[in-house]
Each structure stands twice: as structure tokens, then as C-alpha cells.
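Residue-level listing of the chains:
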Amino acid sequence: MTTSPGAMTSESTAIAATADGGLSITTVDDGGTTMLRAAWRAMACDVRATLVDPGPDAAAALASAAEIVARVESACTRFDPTSPLMRANAAGRHWQQVPPECLDALAAAEAAHRETRGLFDPRVLERLVADGYDRSLPFADGAVEREGSGRDPRRPRRRWHPRLDHDRGRVRIGRTPVDLGGIGKGLAVRWAARPLRTSASAVLLEAGGDVLALGRGPEGTGWRLAVENPVGGESPIAVLALRDRAVATSSTRVRRWSVQGRRVHHLIDPRTGQSASGGLLAVTVVDRDPARAEVWSKALFVAGHDRIAALRAERDLAALWIQDDGRVRISRRLQPLVQWQVHRVR
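Residue numbers restart at each chain and count upward from 1, following the sequence in its written direction. Residues qualify for local features only when their pLDDT is at least 70, as the model is predicted, and side-chain atom pairs are given and counted only at 80 or more; totals for whole chains, interfaces and linings, by contrast, use all residues. Derived side-chain values reflect all non-hydrogen atoms in the structure, with water molecules and hydrogen atoms excluded from consideration.

Undergrad: Quick question: what am I supposed to make of the pattern of salt bridges here?
TA: Opposite charge on two side chains permits them to pair, given that their charged atoms come into close proximity. Salt bridge, as applied in this entry: a Lys or Arg side-chain nitrogen positioned within 4 Å of an Asp or Glu carboxyl oxygen. Within the structure shown, the criterion is met by 23 salt bridges. A salt bridge links Arg135 to Asp134; the nearest nitrogen and oxygen atoms lie 3.1 Å apart. Here the salt bridges share partners, and the residues they tie into one network are Arg127, Asp131, Asp152 and Arg262.

Undergrad: What am I meant to see in the packing of aromatic side chains here?
TA: Aromatic ring pairs are defined here through the distance separating the ring centres and the angle between the ring planes. Stacked, tilted and edge-to-face pairs are distinguished by plane angle, under 30 degrees for stacked and over 60 for edge-to-face with tilted covering the rest, among Phe, Tyr and Trp rings (Trp via its six-membered ring) whose centres lie within 6.5 Å. The final tally for this structure, using the stated rule, is four aromatic pairs. On the basis of an interplanar angle of 40° and a centroid distance of 6.0 Å, the ring pair of Phe79 and Tyr133 is categorised as tilted. Within this pair, whereas Phe79 is found in the loop between helix H1 (58-76) and helix H2 (84-91), its partner Tyr133 is found in the loop between helix H4 (125-130) and strand S6 (145-146), the two being separated by 54 residues in sequence. Arranged with centres 5.6 Å apart and planes meeting at 90°, the rings of Tyr133 and Phe139 form a pair that is edge-to-face. Note on Tyr133: relative accessible area 8%, which makes it buried. Ring pairing ties together the aromatic residues Phe79, Tyr133, Phe139 and Trp257, which thus form one cluster. Geometrically, a lysine NZ or arginine CZ counts as sitting over a ring once it is within 6 Å of the ring centre and also within 35 degrees of the ring normal. The cationic tip of Arg78 hangs over the ring face of Tyr133; the distance from NZ or CZ to the ring centre is 4.5 Å. A run of H or I in DSSP becomes a helix once it reaches four residues, and a run of E becomes a strand once it reaches two; helices and strands are each numbered from the N terminus. For every residue, the accessible area obtained with a 1.4 Å probe (protein chains only) is divided by the maximum for its type, and the residue is called buried under 20%, exposed over 50%, and partly exposed between those limits.

Undergrad: I'm lost on the packing of helix H5 (residues 184-192) against helix H6 (residues 290-303) in this one. Help?
TA: Working note: a packed helix pair is described by the angle between its axes plus the distance between those axes. Axes here mean lines fitted to C-alpha atoms, for a helix over just the part in contact, with angles spanning 0 to 180 degrees between N-to-C directions. Running from N to C, H5 and H6 point in directions that differ by 165°, and their axes come no closer than 7 Å. Our classification of the angle between H5 and H6 gives roughly antiparallel. With respect to the hand of their crossing, H5 and H6 are arranged in right-handed fashion. Side by side, H5 and H6 meet where Gly184, Lys185, Gly186, Leu187, Val189 and Arg190 of the first sit next to Pro290, Ala291 and Glu294 of the second. Across the contact of H5 with H6, the residue classes tally to four nonpolar, two polar and three charged. Roughly parallel here means an angle under 35 degrees, roughly antiparallel means over 145, roughly perpendicular means 65 to 115, and every remaining angle is called oblique. In this scheme the handedness of a crossing depends on how the near helix is turned from the far one: anticlockwise by less than a right angle means left-handed, clockwise means right-handed. Note on contacts: a residue pair qualifies if any of its non-hydrogen atoms lie within 4.5 Å across the two residues. For this classification, the nonpolar set comprises Ala, Val, Leu, Ile, Met, Phe, Trp, Tyr, Cys and Pro, the charged set comprises Asp, Glu, Lys and Arg, and every other residue, Gly included, is treated as polar.

Undergrad: Could you clarify how one ought to interpret unusual backbone geometry in this entry?
TA: As a rule of thumb, non-glycine residues mostly have phi less than zero, and peptide bonds are mostly trans rather than cis. Backbone geometry at Ala44 places phi at a positive 60°, although glycine is not the residue there. Relative to the assigned elements, Ala44 resides in the loop between strand S3 (33-42) and strand S4 (45-52). For Ala44, a relative accessible area of 41% corresponds to the partly exposed category. Phi is positive for Asp53, which is not a glycine, with a value near 50°. Position of Asp53 among the secondary structure elements: in the loop between S4 and H1.

Undergrad: Just to check I follow, could you spell out H1 for this structure?
TA: Three- or four-residue spacings in an α-helix give side chains the same orientation, since the helix completes a turn every 3.6 residues. Given a helix with a known number of residues, its expected span is that number minus one, times 1.5 Å. A rise of 1.5 Å per residue sets the reference length of H1, with its 19 residues, at 27 Å; its end C-alpha atoms lie 27 Å apart and thus fit the reference within 8%. Considered for burial, the residues of H1 that qualify are Ala58, Ala61, Leu62, Ala65, Ala66, Ile68, Val69, Val72, Ala75 and Cys76. Of the surrounding elements, those touching the buried residues of H1 are strand S2 (24-30), S3, S4, H2, helix H3 (100-115) and H5.

Undergrad: It is not clear to me how the sheet that holds strand S5 (residues 96-97) should be interpreted in this structure. Could you clarify?
TA: Whether parallel or antiparallel, the strands of a sheet pair through hydrogen bonds between backbone atoms. Strands qualify as paired when DSSP identifies two bridges or more between them. Taken together, the three strands give an open sheet; going across it, the order is S5-S8-S7, and neighbouring strands pair in antiparallel fashion. Edge strands, defined here as strands with exactly one partner in the open sheet, are S5 and strand S7 (163-165). Looking at chain direction, S5 and strand S8 (residues 170-172) are connected through two bridges and run antiparallel. Residue pairing in the sheet places Gln97 in a bridge with Arg170 of S8.

Undergrad: What is the right way to read the pairing of strand S15 (residues 262-265) from this model?
TA: Along any regular strand the residues' side chains alternate between the sheet's two faces. Bridge analysis of strand S14 (residues 256-259) against S15 gives four bridges, and the strand direction is antiparallel. Bridge pairing links Arg256 to His265 in S15. In this antiparallel pair of consecutive strands, S14 and S15, the connection spans two residues, and Gln260 shows a positive phi of 50°.

Undergrad: Just to check I follow, could you spell out the nonpolar core for this structure?
TA: Here is a general trend for soluble globular proteins: nonpolar side chains tend to be buried in one another's company. Definition used in this section: a nonpolar core is a set of buried Ala, Val, Leu, Ile, Met, Phe, Trp, Tyr and Cys residues joined via side-chain atoms within 4.5 Å. Counting residues in each nonpolar core, the largest one holds 52 residues, and the members touching the most others are Trp40, Leu51, Leu106, Leu180, Ile183, Leu196 and Leu205. No other element matches H1, which puts ten residues into this core. Beyond its immediate stretch of four places on either side in the chain, Leu196 contacts Leu51, Ala61, Leu62, Ala65, Val203 and Leu205. Ala202, Val211, Leu225 and Ile322 belong to the second largest nonpolar core, which has 25 residues in total.

Undergrad: Explain the pairing of strand S11 (residues 223-227) here, please?
TA: Counting buried positions along S11 gives four out of five residues, so the element sits mostly inside the fold. As paired elements, S11 and strand S12 (residues 238-242) share five bridges and run antiparallel to each other. The residue of S12 that forms the bridge with Arg224 is Ala241.

Undergrad: Would you mind showing me how to read the environment of Asp306 here?
TA: With respect to the helices and strands, the residue Asp306 is situated in helix H7 (residues 305-315). Given a relative accessible area of 74%, Asp306 falls into the exposed group. The sequence separation of Asp306 and Gly279 amounts to 27 residues, and the corresponding C-alpha distance is 8.2 Å. In the analysis that follows, any N or O atom pair within 3.5 Å is treated as a polar contact, provided that within protein one partner can donate a hydrogen and the other can accept it, and provided that, for residues neighboring in sequence, both atoms belong to side chains. For Asp306, the side chain forms a polar contact with the side chain of His305, separated by 3.4 Å.

The quantities given are spatial measurements derived from coordinates; they are silent on function.
Structure, rendered in C-alpha cells:
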């Protein structure tokens, strides 16, 4: 994942969510620059926001952003069988009423499916459940072992084409249930940033490694963001300088587990119906939109070592990827945004 580089600035005030995961806001004076820093827990991750030179409505904007993220989570989670998404999955080929957040997320997922020519496909839920990822798993606690269902779900062979009725607020998912985890955080960041854009001179919003960096940052030179090492350790593999850009990373550093001795992870290759095994450790993509950055980081990871260079060039993507031999590759489009990098990880 991609992280905001708290250790790389002169500010050292800790940001922590409240005990119940609610919104916590701290005012910080960093060398004459006033910032609001906020944190809360949502979508099984820490959500953080930094507002530089906040205006009088900044606290209200942060509360609005937190509410937007909460609505996205409530509408799109697969871990609650009563959520709008899961009710739509259960309805299958029948119409199901859903709130705007779920309808818009499904529309965005379908558009991403088309843009990536199927490399991004949300019809992975049955595979994840079959591999034991049917609930939020304690990845932060160490190695995770799951029994799995023993089923081998049928792999969809046709393009995904859900029916979306925006006028009536209803959907028909189709026969195969979907998981919006591959685009949900990016969409939450996109939508939650809307009330924040006019509340400060610069904004950094992060949800579980999906980051949107707006404005010139606290030092006036852009936001400096560190890209984590997918094999572990505290040192980043690259530092990016971003302004009005989003960045997302897909890797198996965190969400991986074992099913009866078989190593699996959450990045499913729709072409095989199994955990992607294309010779990559991680992929980072920079784009103006956080959801598109998230989608393409996953699509390129799924494409694998053999196709990533050509696909990245074809789509003119700003990307960084780490091969399973440890070599770090950076696209020409991303080079101007890289302040520092390593050339190999171990």
C-alpha cells in the first residue's frame, strides 16, 4: 500500500481514532503552518485526513467526509448479509432497490470492467468465500489459516453487464455475486474529498493506502508520499511528490492467508478464477482519480510480469511495479514524480 509520510515532515503530533473508531480531529501548528489532522476507522482500515490552512468550515467538512465514507461502507460491504450490496447479490437476476452509493459504485465497477477489458472483474466473491475469506480476517495479528469450503466456483466466461436503473434506484447484479472491495476505497476517497476541497488550501486523504493529494502540501512543494516495501520493513521503496494526484498500491503484503496449506491472497485473476500469480509483488499507480488508480493497480497486478509493460504503455499509465525477483520498475510517465527510489528489494 501507499502511505502518507508522517515521519518525513517536521510535524510529530500523533493522529489516532477514538476508542470506538469515531472521528478524532487534532489542530497542529507546524512551523507557522496550521493544519487539521483527522482520523477514524472505516472499511476495515484507518482513514486519515490532513487539511493545510483550514477554513472556518473545515471541521464540518471533515465530519461530512466521515459520513460519506460511512455511507459507502454501509451500502457496499460484503461482510454484512443485510447490506444493500449483499441483498442485490442475493436477488441475482431480479431487480433490487439500493441506495445511491451502491448504485453509483456498481456503475463505476462496470465502467472499470470495460476499461480494463475484464482484468478488473468484481465477480470474485465466490472464490474469496471458497478460500475462507467470508469475514474480516485478522491479518494484522500474523499468519492466518482458514479451512475453506472445498468448492471450486465456476469462473464467469462472459463480460459482466449488470442492469442499472438510476431513475428507480434499482439494480440487477446477475447470476454471479460481486465484491466491490477492488474499487470501494478509491470511490470512498473520491466522494469524501468533495466537501474537503474548498475547506483548506491543501488536502491529503487516505483510506487504507488509497491516497488523494490535493494542492501544494504543507511545504508548498507538493505532498511527499512513501511507497511501502511489499516484502516488509519500515523503509519505503520510493518517495513520490504529488500535487492534485491520487495513488494506490496493490500487493499481497497484508491480505494473504493459507487454506489447508495452500497460500492464497485477495487479488483474484478473473481469467483463472484463482489468486493472481503473474510474477509481481506489488503495483503502484498514480492517476488524477483515486478509484481509477485503485482499479489499474489491481488490473496491472493481475496482468502479470509478461503483460504489465505493454499494457502500461498502451494505457499511458504512471506506474511502479516490483517483480518477484525484487527488481523495481518505473514507467516513464511516473519518473517526473519520483523523488527517490531503490532499484531492488529483498
